[in-house]
Amino acid sequence: MADGDERRVAVIIEDDADIANLLAAVLAEAGFESHQTADGVEGIEAIKEYEPILTTLDISLPGIDGFEVARRIREFSSTYIIMLSARTDEIDTLMGLDSGADDYVTKPFRPRELRARVEAMLRRMRRTPGSPLGGEPDPATTGTEQGGEEGGWLSHNGLRMHPQMRLSELDGDPVELTRSEFDLMLAILERQRRVITKNELVLELRGDGSTGGYISDNDRRAVEVHLANLRRKLGDPVGKPRFVQTVRGVGYRLAPDED
């Protein structure tokens, strides 16, 4: 298997057999074992059974639509969700991200583009060893070297994050973040009071901050949606931030320490 012992399992939730087969072929090239399902309920059960690191999700499904499927998935799984749809309106993209998707691809998609999105996801996972689905951390990467807090934890104003174990706590209680929310908060936390731009956060989500490339308005808007969801989960109002402070016209930085 590629990348050592990395377990590459994907669930495809798609009612069009031709598209599902194309998705399976693209994912197979990236080293994935795929399980195809044709509706949302079946897809949810497959995620519970196979615990995939990646899920592709169509919006227009029989029965419950993809938005509702994503919301239900997020109740129990941190699988990376790539939502696919023929809808091109910005509102659909925002609704998809708001329901818990990590990425949004419009149909018809180019296999090369989808493969690039998948590879970006895998780069992000390789940068933070340890399974987001509950596996043990890599003992070689834990410790105090990252952020200075014992056990590899980073903390600020009651929020604690462990990059290797992909765990987050708020005031001592676990808080469930999507992969994208976790990575964005971690990027801001690691930079402390230094400002990070939306473009830099887009590159963080692509999995390699040193790689440039075209950044669209939709990319920046996706960052805004993920941060809005993150703030809601953390109870972090824009007007009086505890964790993420907006620097208007520039980007974001970590909010000041509480007195």
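Rules behind the numbers
Residues numbered from 1 in each chain as written. Predicted model: local features only at pLDDT ≥ 70, side-chain atom pairs only at ≥ 80, totals over all residues. Heavy atoms only, no water. Helix = DSSP H or I, 4+ residues; strand = E, 2+ residues; numbered from the N terminus. Buried < 20%, exposed > 50% of the residue type's maximum accessible area, 1.4 Å probe, protein only. Contact = heavy atoms within 4.5 Å. Areas by Shrake-Rupley, 256 points an atom, 1.4 Å probe, with all protein chains shown as cover. Salt bridge = Lys/Arg side-chain N within 4 Å of Asp/Glu carboxyl O. Pairing = 2+ DSSP bridges. Axes fitted to C-alpha atoms, helices over the stretch in contact; angles between N-to-C directions. Phe/Tyr/Trp six-rings, centres within 6.5 Å; stacked < 30°, edge-to-face > 60°. Lys NZ or Arg CZ within 6 Å of the ring centre and 35° of its normal. Core = buried A, V, L, I, M, F, W, Y, C linked by side-chain atoms within 4.5 Å. Arc of directions from axis to C-beta. Polar contact = N/O pair within 3.5 Å; in protein donor to acceptor, adjacent residues only side chain to side chain. pLDDT = per-residue confidence, 0-100.

Undergrad: An account of the overall build of the protein chain is needed here, citing residue identities and associated values.
TA: Scanning the protein chain for helices and strands turns up eight helices and 12 strands. By the burial criterion, 47% of the 259 residues in the protein chain qualify as buried. Sequence-distant contacts in the protein chain: of pairs separated by 6 or more residues, those separated by 24 or more amount to 57%. Accessible surface, the protein chain as shown: approximately 12400 Å² in total, 47% of it carbon and sulfur.

Undergrad: Describe the side chain of Ser-99, listing the residues and the values that go with them.
TA: By the secondary structure assignment, Ser-99 is in the loop between α4 (90-98) and β5 (103-106). By relative accessible area, which is 5% here, Ser-99 ends up buried. Excluding anything up to four places from it in sequence, Ser-99 contacts Phe-67, Ala-70, Arg-71, Arg-74 and Met-83.

Undergrad: Tell me about the pattern of salt bridges, residues and numbers included.
TA: Tallying each qualifying case throughout the model produces 19 salt bridges. As a salt-bridge pair, Lys-233 and Glu-181 come within 2.7 Å of each other at their nearest N and O atoms. Taken together, the positions of Lys-233 in helix α8 (residues 217-234) and Glu-181 in helix α6 (residues 179-190) put the pair 52 residues apart, joining distant regions of the chain.

Undergrad: How would you summarise the sheet that holds β5 if you had to cite specific residues and measurements?
TA: On the basis of which strands lie adjacent, the open sheet formed by five strands has the order β2-β1-β3-β4-β5 and parallel pairing. In this open sheet, the two strands that pair with only one neighbour each are β2 (33-37) and β5. Taking each pair of neighbouring strands and ignoring which way they run, the sheet shows an average axis angle of 20°. Sheet topology note: the strand β4 (residues 80-85)/β5 ladder contains four bridges and is parallel. Counterpart to Ile-82 in the pairing with β5 is Asp-103. Contacting β1 (9-13), β2 and β3 (54-58), helix α2 (residues 40-50) runs over the sheet at an angle of about 170° to β1.

Undergrad: Please give an account of the packing of aromatic side chains that cites residues and values.
TA: Summed over all chains, the structure comprises zero aromatic pairs. Sitting over the ring of Phe-76, Lys-48 keeps its end group 5.3 Å from the ring centre. Stacked on the ring of Trp-153, the Lys or Arg Arg-160 has its end atom at 4.2 Å from the ring centre.

Undergrad: An account of the sheet that holds strand β10 (residues 196-197) is requested, with residue identities and associated values reported.
TA: Ordered by their spatial adjacency, three strands build an open sheet running β10-β12-β11, and the pairing between neighbours is antiparallel. The outermost strands of the open sheet, each flanked by one partner alone, are β10 and β11 (244-247). Each of β10, β11 and β12 (251-254) touches α6; the most contacted strand, β12, lies at about 65° to it. Sheet contacts for α8: β11 and β12; angle to β11, the most-contacted strand, approximately 140°.

Undergrad: Give me the nonpolar core: which residues, what numbers.
TA: Core analysis: the largest hydrophobic core is formed by 27 residues, its most contacted members being Met-161, Met-185, Ile-188, Leu-201, Leu-227 and Leu-234. The leading source of residues in this core is α6, at seven residues. Excluding its chain neighbours within four sequence positions, the residues that come into contact with Leu-201 are Leu-184, Ala-187, Ile-196, Val-223, Leu-227 and Tyr-252.

Undergrad: Could you give an account of helix α3 (residues 66-73), with specific residues and numbers?
TA: When α3 is considered as a whole, its buried residues turn out to be Gly-66, Phe-67, Val-69, Ala-70 and Ile-73. Within α3, the buried residues cover an arc of 160° as seen down the axis, which keeps them to one side. Here α3 starts with a cap whose side-chain oxygen sits 3.2 Å from the backbone nitrogen of Phe-67, and that cap is Asp-65.

Undergrad: Tell me about the confidence of the model for the protein chain, and name the residues and values.
TA: Taken as a whole, the protein chain shows an average pLDDT of 83; of its residues, 84% reach a score of 70 or greater. Per-element confidence in the protein chain is highest for β1, whose mean pLDDT is 97, and lowest for α4, whose mean pLDDT is 78. Note on residues 1-5: pLDDT under 50 across the span, and six contacts to partners over four residues away in sequence or across chains. In the model, residues 129-148 has pLDDT below 50 throughout and makes 40 contacts with residues more than four positions away in sequence or in other chains.

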